[in-house]
Every structure is written in C-alpha cells, then in structure tokens.
Amino acid sequence: MMTIDDDLDPLGVGRAALGVWQAMATHPAALLESQRRLADAWMALATRTLAAQAGAGEALPPVIEPRPNDTRWKHPAWNDNPTFSAIKQGYLLATRAVLESIDAAAGVDEATKTQVKFFAKQFCDAMSPTNFAFLNPAVIEETLRTGGRNFARGAQNYLDDLRDNDGRPALVDKSAFTVGVNVATSKGDVVFRNELIELLHYAPSTETVYRRPLVIVPPWINKYYILDLQPANSFIKFAVDNGISTFVVSWRNPDASLAHLGFDDYLELGPLTAIRVAAEISGSADVNQIGYCIGGTLTAMQLAYLAKTDPGRVNAVTFFAALTDFAEVGEIRNFLGADALASIEKKMDDAGVLKASDMADAFNLLRANDLIWNVAVNRYLLGKDAPAFDLLYWNSDATRMPATMHKYYLDNMYVRNALAAGKLSHRGVPIELGAVKNDAYAVASVEDHIAPWRSVYAMTQSFGGSVTFRLGHSGHIAGIINPPGATKGNYWKGDVNLPSADEWFARATKCPGSWWPDWLAWIAERSGDRVPAPVQAGSPAYPTLGPAPGTYVLEKA
C-alpha cells in the first residue's frame with residue numbers, strides 16, 4: 001500500500017486524500033456519475049459559447065455562476081466576452097466536480113471529506129485562470145497599456161518579497177506605518193508592566209468620566225491596536241470620548257525565553273492582574289471588562305474563576321468574536337488533525353514558540369483568494385505596489401505563541417472542548433461557565449471564519465447571567481471595527497436568546513449602521529455615576545512608566 005512521508009505531509013492531507021481516492025476506486029459509480037454530470041455541463045457550456053460567438057439568437061444564461069462574494073471575476077470581460085466567460089465557467093464546473101466527487105466518496109467519514117475538500121479547494125484556487133497572465137483579461141489589458149512594463153515591475157516586486165517577506169507576496173507597504181506615529185496614536189500612559197503585559201491607561205477627553213473603569217483584554221494573536229488604528233475607527237477613542245475611563249492590556253510578543261508560560265500564567269499575569277491594577281488606580285471596587293477573540297476566551301475563564309473566589313471584582317463584561325464553545329470552529333479545523341497537531345508541537349518544541357509566520361499562513365489559507373492569490377496577481381502580474389492600508393499593516397504585525405500556552409489552548413479548546421464541558425480548573429477551582437452571572441454583551445460577525453457566529457452565540461446558553469447578543473456584518477475584524485461614522489454595514493439584534501442560533505436569527509431585527517452606539521447605551525447603564533476626570537494617569541502606587549503605546553507592542557516577530 002502506498003505511504004506518504006510525514007515530513008512531506010505534516011498535515012496528513014495526502015493520507016486523507018489517498019483514503020478518499022481508494023474509496024472512489026472501490027465504489028466508482030458515484031465518481032462516474034459525477035463525471036457524466038460534468039460532461040453534460042461542459043457540452044451545454046460549449047453550445048452556449050458557440051452560439052454567443054456566432055451572435056446567434058438571444059444570449060443564454062450561464063451554466064454556472066460564481067458565488068456572490070467571489071471577487072476574482074469582477075473584470076467585465078469575464079461576463080461580456082464569450083471566450084473568457086467560457087474559461088470562467090469551465091473552471092467553475094471543474095472545481096464543482098472535484099468537490100462533489102469527494103462528497104460522493106462512499107465509506108469515508110465526514111471529517112476526512114471536509115479536510116480533503118478544503119485542500120482540494122486550495123489547489124483549485126491556485127489553478128484559477130485569474131492567476132495566469134494570458135488568461136486574465138485585466139493582466140492582458142495592463143500588458144498592452146504598459147508595453148509589458150507591468151511584468152518588469154512584477155519581477156522586481158517578486159525579488160523584493162523574496163528578500164523582505166520570506167517569499168510571500170506582500171499584503172501591505174510596511175514602510176507607510178509606524179506604531180505610535182500614524183497607528184495606535186490615542187494618548188495615554190503605561191501604568192503597569194510585568195513579564196507578560198503592559199497596562200495602558202488612556203487620557204480622558206471629557207471633563208467627567210464614569211466612575212467604573214473599563215479594562216480591555218485583546219487577543220495576543222496579533223496586537224492590541226486593532227482597536228486603535230486611526231482616530232476615525234478607533235474603538236478606544238470612541239470609548240474615551242464617551243467618558244469611559246479605559247485601560248487596555250498590551251501583550252508582550254514572547255520569544256523562546258517565555259516558552260514555559262502556560263494558559264494559567266496568561267490568566268494570572270494578564271486579566272486578573274489588569275483588573276486589580278485598574279480598580280486600584282480608579283478607586284473603584286470593580287471594573288467593566290471587554291474580551292476580544294482569544295482574549296475573550298481567557299476572560300470567560302477568569303469570570304468563572306472569580307465567580308467562586310471574588311464575585312464582586314467584575315461588574316459587566318463584553319465579548320468581541322470570542323469562543324467559549326469550540327465544537328464547531330469552521331475551516332480552521334482542517335489544520336488541527338492529529339498529524340497537524342503533532343507537526344505544530346514539534347515546531348514549538350524545537351523553537352520554544354509557534355512562529356508568527358506559521359500562524360499567519362494558516363489564517364491566510366482560510367481566505368486564500370483574497371489574501372494570497374489576488375495579492376500575487378496584483379504584485380507580480382499587474383506590477384502594482386503593495387497598498388498602504390492600516391488594517392493590513394496591523395495584520396502583518398504578527399506575534400509568536402509560547403509553546404506551553406499554545407499546546408494547552410489547542411488541546412483543551414479545539415481538541416477536547418474542555419471549557420464548554422466544564423473540565424478545566426485554575427488554582428484548583430473548577431471553571432464552570434454556568435457560574436458566570438455577570439451581565440454580558442456579546443458581539444459576533446456573520447461572515448467570521450475564525451470565530452463562527454453560531455459558536456459565539458453558544459455563550460448565550462452557557463452563561464448563568466443575562467446575555468445581550470448582537471450580530472455584526474462582515475468578518476472577524478470588519479464586523480467589530482465598524483464605527484458609527486463609517487455609515488456602512490449593519491447588525492442584527494433580538495430580544496430573546498432562543499436555544500438555536502438559527503432560530504434567533506430568523507426572529508432578529510436588522511439594524512442599519514454600527515452596533516457601537518447600542519453597546520455604548522448598554523455599558524453606560526452599568527458604569528456608575530460620572531465623576532471628575534483624573535488629571536493624570538496612574539497613581540502614587542502605580543506611577544506612569546512611559547507614554548502609550550508602550551514598548552511591548554513595538555517588539556517584532
């Protein structure tokens with residue numbers, strides 16, 4: 001029997017695909033039927049194409065259409081030119097046939113089919129006619145317009161990316177941004193530092209502030225300033241300008257010297273420390289809190305721990321795109337099979353950390369057409385410069401993961417789903433989500449491929465307190481960073497958290513614009529009286545250690 005070397009197939013894709021192929025060969029009827037349907041569709045496409053080229057009769061509808069969010073085909077020629085339209089439809093038919101053949105393989109479990117389909121789709125994406133110079137009408141046009149200079153510029157871009165970006169097509173012009181200069185510019189100070197975090201306290205912009213401070217726990221996969229890109233889209237500035245005394249955790253970018261830090265260390269040195277320091281500086285008995293993505297997962301664990309040890313420490317809590325139930329995590333599951341996890345663990349054992357590039361590559365593959373192939377076409381075939389885009393700059397400013405912490409996270413969340421099952425503990429205290437009685441406001445995004453919204457919704461059923469759930473438009477970032485001034489997007493709200501996420505959505509009300517004002521009204525009711533704004537950051541016990549954005553955020557991967 002054919003075998004595949006582990007070093008050549010660290011994700012186990014080859015073995016899974018071999019199993020699917022053997023199933024097809026053993027039971028060929030489904031494969032033959034799929035091929036028959038493909039042949040019929042191609043024949044129909046050929047008939048339509050010949051008729052269109054001859055200008056005979058009324059134009060017939062396409063045999064197949066791309067998905068609405070597939071932006072590869074935006075050039076008019078893909079629809080208007082019969083030849084390019086035929087190329088596009090032929091490719092889409094072939095891709096559909098490949099994926100349907102995998103689905104039809106008898107005797108193969110669904111998890112294996114899903115993994116093989118995902119990576120087969122990656123191959124199909126790579127083979128798209130849009131990725132080949134003289135099959136792409138946009139590239140042909142640019143070549144004729146410039147006399148081929150686009151290829152000369154593309155060759156230079158390719159050499160630049162080999163030198164400066166480990167051979168990956170550059171998503172962004174990194175030279176256009178400097179943290180603290182034109183991103184992460186909200187005024188504030190570092191008021192606390194330990195080996196893992198700096199705590200930033202932002203300067204008030206109002207004469208009075210709410211008595212109860214807000215502590216934001218961002219993800220440590222990437223950096224905190226996704227919440228402070230520019231003044232116009234800064235959630236931090238939005239909170240400060242509305243009288244909320246705002247503290248933000250800025251995580252250190254760990255190297256191998258911090259490989260020993262585990263999830264318990266992140267909990268102790270991170271939010272448990274941050275909320276204590278913020279309360280002491282503010283003279284408040286408790287705080288409000290926000291947890292974003294993995295920072296929200298950690299915040300949920302913290303709340304469950306405090307529910308049994310210090311229940312008055314946190315008042316109300318907000319979650320941005322945060323999972324507490326990992327049963328359904330979408331396409332990221334394809335990177336978390338037994339073979340893949342063994343490969344990841346070996347890399348972390350060797351380096352002490354998971355390298356930032358490994359994490360970025362996996363996330364980019366979840367949206368390969370947008371984040372890999374479209375970028376490569378623009379850089380190398382069209383000869384375009386990388387854009388100066390703040391969001392993409394932040395995305396490229398990646399971080400490492402300490403080996404001990406990340407092993408725990410992958411095993412206990414993605415493999416065992418132990419948080420939802422109530423099988424975790426901290427300092428011997430059981431972590432039970434049902435013990436969390438805090439008022440909560442949870443936001444998910446309808447197109448999120450990292451924290452699928454239905455899985456985020458699960459916290460409405462697992463927490464013991466009142467949960468206000470809102471569903472934003474777009475994905476993991478754009479659904480959260482959607483300020484009121486943007487006048488775009490929408491969100492959904494519902495009055496009752498029904499057991500099923502789909503039932504909730506069916507009854508939800510669609511609201512235009514940003515959910516931020518809705519959240520502001522919610523948090524204001526839970527922030528106490530207004531008091532004079534502090535004259536300076538910190539306190540005698542916690543003197544300022546330097547201006548925001550601090551030093552940890554400047555550490556590169």
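Further up the page is the structure itself.
Report follows, based on the coordinates. (Residues numbered from 1 in each chain as written. Predicted model: local features only at pLDDT ≥ 70, side-chain atom pairs only at ≥ 80, totals over all residues. Heavy atoms only, no water.)

**Examining the overall build of the chain**
Next, step 1: Helix and strand content of the chain: 19 helices and 17 strands.
Next, step 2: Relative to the globule expectation of 24 Å for 557 residues, the C-alpha radius of gyration of the chain, 26 Å, shows essentially globular dimensions.
Next, step 3: Taken over 557 residues, the chain has a buried fraction of 53%.
Next, step 4: When contacts within the chain are restricted to residue pairs at least 6 apart in sequence, those whose partners lie at least 24 apart make up 79%.
Next, step 5: Carbon and sulfur atoms form 56% of the exposed surface of the chain, whose accessible area is close to 24,600 Å².
Next, step 6: Seen as two clouds, the 50 positive and the 60 negative side-chain charges of the chain have centres 2 Å apart. (Helix = DSSP H or I, 4+ residues; strand = E, 2+ residues; numbered from the N terminus. Rg over C-alpha atoms; globule rule 2.2 N^0.38 Å. Buried < 20%, exposed > 50% of the residue type's maximum accessible area, 1.4 Å probe, protein only. Contact = heavy atoms within 4.5 Å. Areas by Shrake-Rupley, 256 points an atom, 1.4 Å probe, with all protein chains shown as cover. Lys, Arg positive; Asp, Glu negative; His and termini not counted. Charge placed at Lys NZ, Arg CZ, Asp CG, Glu CD.)

**Quick word on the pairing of strand E12 (residues 440-445)**
Next, step 1: Buried residues dominate E12, accounting for 6 of its 6 residues.
Next, step 2: What you see with E12 is no split at all: Ala440, Ala442 and Ala444 on one side and Tyr441, Val443 and Ser445 on the other are buried throughout.
Next, step 3: The pairing of strand E7 (residues 314-320) with E12 spans 4 bridges and is classified as parallel. Note that in E12 the partner of Phe320 across the bridge is Val443.
Next, step 4: Summarising the sheet, E12 and strand E13 (residues 467-472) pair through 6 bridges and their orientation is parallel. If you follow Val443 over to E13, its bridge partner there is Arg470. (Pairing = 2+ DSSP bridges.)

**Looking at the sheet that holds E12**
Next, step 1: Taken in spatial order, the 11 strands make up an open sheet running E15-E14-E13-E12-E7-E6-E4-E5-E2-E1-E17, and their pairing is mixed. Both edges of this open sheet fall to strand E15 (509-512) and strand E17 (546-547), since each of them pairs with a single strand only.
Next, step 2: Here strand E6 (residues 287-292) pairs with E7 via 5 bridges, running parallel. Looking across to E7, one finds that Gln289 is bridged to Val317.

**Observations regarding helix H7 (residues 149-164)**
Next, step 1: Taking 1.5 Å per residue as the helical rise, H7 with its 16 residues ought to reach 22 Å, and the 22 Å between its terminal C-alpha atoms agrees with that figure.
Next, step 2: Listed as buried for H7 are Asn150, Gly154, Asn157 and Asp161. Projected down its long axis, H7 shows its buried positions confined to an angular sector of 60 degrees, all on one face. Across from the buried face of H7, at angles greater than 90 degrees, the exposed residues are Arg149, Ala152 and Arg163.
Next, step 3: The elements touched by buried residues of H7 are helix H6 (137-146) and helix H13 (368-381).
Next, step 4: Immediately beyond the C-terminal end of H7, within one or two residues, lies Asp166, with a positive phi of roughly 55 degrees. (Expected span 1.5 Å × (residues − 1). Arc of directions from axis to C-beta.)

**Things to note about the environment of Gly270**
Next, step 1: Here Gly270 shows up in helix H9 (residues 263-282).
Next, step 2: On the basis of relative accessible area, Gly270 is assigned to the buried category, the value being 0%.
Next, step 3: As a C-alpha pair, Gly270 and Asn194 span 76 residues in sequence and 9.1 Å in three-dimensional space.

**Points about a nonpolar patch on the surface**
Next, step 1: A cluster of nonpolar side chains, contributed by Phe123, Met127, Phe132 and Leu135, occupies part of the molecular surface with about 370 Å² of accessible area.
Next, step 2: Here Phe132 shows up in the loop between helix H5 (110-126) and H6. (Patch = residues over 30% accessible without salt bridge, like charges linked within 9 Å, V, L, I, M, F, W, Y side chains within 5 Å. Salt bridge = Lys/Arg side-chain N within 4 Å of Asp/Glu carboxyl O.)

**Let's talk about the side chain of Asp286**
Next, step 1: Residue placement: Asp286 occurs in the loop between H9 and E6.
Next, step 2: One polar contact links Asp286 to Arg212, side chain to side chain, over a distance of 2.7 Å.
Next, step 3: Look past the residues within four positions of Asp286 in its chain and what remains in contact with it is Arg212, Pro213, Gly312, Arg313, Val314 and Asn315. (Polar contact = N/O pair within 3.5 Å; in protein donor to acceptor, adjacent residues only side chain to side chain.)

**As for the packing of aromatic side chains**
Next, step 1: According to the stated counting rule, one finds 39 aromatic pairs in the structure shown.
Next, step 2: Their ring planes at 45 degrees and their centres at 4.7 Å tell us that Trp220 and Tyr266 sit as a pair that is tilted. Within this pair, whereas Trp220 is found in the loop between strand E4 (214-217) and helix H8 (235-241), its partner Tyr266 is found in helix H9, the two being separated by 46 residues in sequence.
Next, step 3: An aromatic cluster of at least three residues, connected via ring pairs, comprises Phe235, Phe238, Tyr292, Phe320, Tyr441, Trp515, Trp516, Trp519 and Trp522. (Phe/Tyr/Trp six-rings, centres within 6.5 Å; stacked < 30°, edge-to-face > 60°.)

**What about the pattern of salt bridges?**
Next, step 1: Applying the stated criterion across every chain yields a total of 35 salt bridges.
Next, step 2: Between Glu100 and Arg37 there is a salt bridge; the shortest N-O distance is 3.5 Å. Placement of the pair is Glu100 in helix H4 (residues 82-103) and Arg37 in helix H2 (residues 29-54), with a sequence separation of 63 residues.
Next, step 3: Here Glu100 falls in the partly exposed class, since its relative accessible area comes to 32%.
Next, step 4: Judged by relative accessible area, Arg37 falls into the partly exposed class, the value being 37%.
Next, step 5: In this structure, Arg168 engages Asp361 in a salt bridge whose closest nitrogen and oxygen atoms are separated by 2.8 Å. With Arg168 in the loop between H7 and strand E1 (188-193) and Asp361 in helix H12 (residues 356-366), this residue pair connects regions lying 193 residues apart in the sequence.
Next, step 6: Exposure remark for Asp361: the relative accessible area of 27% places this residue in the partly exposed category.
Next, step 7: Shared partners join several salt bridges into a network, and the residues in it are Glu33, Arg36, Arg37, Asp40 and Glu100.

**Things to note about the nonpolar core**
Next, step 1: With 135 residues, the main nonpolar core has Tyr225, Phe235, Phe319, Trp515 and Trp519 as its most contacted residues.
Next, step 2: Looking at this core, the element that brings in the most residues is H9, giving 11 residues.
Next, step 3: Apart from the residues lying within four places of it in its own chain, the contact partners of Phe319 are Gly291, Gly296, Thr299, Ala300, Leu303, Ala440, Tyr441, Ala442, Val443, Met459 and Phe463.
Next, step 4: Residues Leu45, Trp73, Ala77 and Ala97 belong to the second largest nonpolar core, which totals 14 residues. (Core = buried A, V, L, I, M, F, W, Y, C linked by side-chain atoms within 4.5 Å.)

**Here's the deal with the packing of helix H1 (residues 13-26) against H5**
Next, step 1: Orientation of H1 relative to H5, taken along the N-to-C sense of each, is 110 degrees, at an axis distance of 9 Å. Between H1 and H5, the angle is such that the two are roughly perpendicular. As for how H1 packs across H5, the hand of that crossing is left-handed. Only Thr112, Gln115, Val116 and Phe119 of H5 make contact with H1, whose side of the interface consists of Val13, Ala16, Ala17 and Val20.
Next, step 2: For the contact of H1 with H5, the residue count by class is 6 nonpolar, 2 polar and no charged. (Axes fitted to C-alpha atoms, helices over the stretch in contact; angles between N-to-C directions. Parallel < 35°, antiparallel > 145°, perpendicular 65-115°, else oblique. Left-handed = near helix turned anticlockwise from the far one by under 90°. Nonpolar A, V, L, I, M, F, W, Y, C, P; charged D, E, K, R; others polar.)

**A look at the packing of H7 against H13**
Next, step 1: Orientation of H7 relative to H13, taken along the N-to-C sense of each, is 120 degrees, at an axis distance of 6 Å. Of H13, the residues touching H7 (which contributes Asn150, Phe151, Gly154, Asn157, Tyr158 and Asp161) are Arg379, Tyr380 and Leu381.
Next, step 2: Residue composition of the contact of H7 with H13, by class: 4 nonpolar, 3 polar and 2 charged.

**Overview of the environment of Thr47**
Next, step 1: Relative to the helices and strands, Thr47 is located in helix H2.
Next, step 2: Along the sequence, Thr47 and Gln289 sit 242 residues apart, while their C-alpha atoms lie 62 Å from each other.

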